[in-house]
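Structural overview
For reference, the chains in residue letters:
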Amino acid sequence: MKIFNKLSDQELIQAYVSGDERALQVLLERHKSKIYTSIYLQVKDDFLAEDIFQETFIKVINTLQAGRYNDEGKFLPWVMRIAHNMVIDHFRKEKRAPSVVNNDGFDIFEVLQFSDDNAESKLVKDQRDVDLKKLIQLLPDDQKEVLIMRHFCDMSFKDIADVTEVSINTALGRMRYALSNLRKMIEDHQMILQTG
């Protein structure tokens, strides 16, 4: 397995298509956290997120086995786009709009770096995270989604644009609005923020 860990996504895909199941296992392990988290942040339910994650990989496997994969060198954005579409399909079936929520430990923007020097500062940080989560919930869905993909999943704006099927400028604009709206809400709620 160690040799597989050194291969690129594209090389792993070729190995899997050639019949080596271990390559798919490495791809899955390499990207599971980001993909699952992205789904979970949209559906807010462990079981549903796991179901959609599994359905996503069934679709990925079927596409790879049928030889229809052609996003060379862009495996993660391709899978994220499939997962995103499966979430949208789920909510269409449920006839309600998706919303994206924050997960514990999510550092929204880099200016909010907190010190964990002592128990008091940890309590302050935890409360600030809770307050920030509540504010994030108030953002429009498209802004929440971009903010989470960028800062939690560490995706590039190009990848975010691909996954959400908008232009890079639209993704950048949504991020700009999200941060602007968060800053305004923080001021309105008179939150005390300390930079680390």
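For the structure, check the block above.
Residues numbered from 1 in each chain as written. Predicted model: local features only at pLDDT ≥ 70, side-chain atom pairs only at ≥ 80, totals over all residues. Heavy atoms only, no water.

1. A closer look at unusual backbone geometry
The phi torsion of most residues other than glycine is negative, and most of the peptide bonds are trans. A positive phi is found at K44, a non-glycine position, where the angle reads about 60 degrees. Along the chain, K44 turns up in the loop between α3 (21–43) and α4 (46–65). For E165, which is not glycine, the phi torsion reads 55 degrees and is therefore positive. With respect to the helices and strands, the residue E165 is situated in the loop between α8 (157–164) and α9 (168–188). (Helix = DSSP H or I, 4+ residues; strand = E, 2+ residues; numbered from the N terminus.)

2. Details of the packing of α3 against α4
Two elements in contact, α3 and α4, have axes separated by 9 Å at closest approach and are oriented at 135 degrees. When the interaxial angle is binned, α3 and α4 end up oblique. In this structure, α3 meets α4 at a crossing whose hand is right-handed. Along the contact surface, α3 presents L24, L28, K32, I35, Y36, I39, Y40 and V43, while α4 presents D46, L48, A49, E50, I52, F53, T56, F57 and I61. Per-class residue counts for the contact of α3 with α4 are 13 nonpolar, one polar and three charged. (Axes fitted to C-alpha atoms, helices over the stretch in contact; angles between N-to-C directions. Parallel < 35°, antiparallel > 145°, perpendicular 65-115°, else oblique. Left-handed = near helix turned anticlockwise from the far one by under 90°. Contact = heavy atoms within 4.5 Å. Nonpolar A, V, L, I, M, F, W, Y, C, P; charged D, E, K, R; others polar.)

3. Details of the pattern of salt bridges
Following the criterion strictly, the structure yields five salt bridges and no others. The partner of K144 in a salt bridge is D141, and the shortest N-O contact between them spans 3.4 Å. Taken together, the residues span about one helical turn, with K144 and D141 both in helix α7 (residues 141–151) at a distance of three residues. With relative accessibility at 31%, the residue D141 sits in the partly exposed group. With a closest N to O distance of 3.4 Å, D162 and K158 form a salt bridge. Taken together, the residues span about one helical turn, with D162 and K158 both in helix α8 at a distance of four residues. For D162, a relative accessible area of 23% gives the class partly exposed. For K158, a relative accessible area of 40% puts it in the partly exposed group. (Salt bridge = Lys/Arg side-chain N within 4 Å of Asp/Glu carboxyl O. Buried < 20%, exposed > 50% of the residue type's maximum accessible area, 1.4 Å probe, protein only.)

Shape descriptors only; they carry no functional weight alone.
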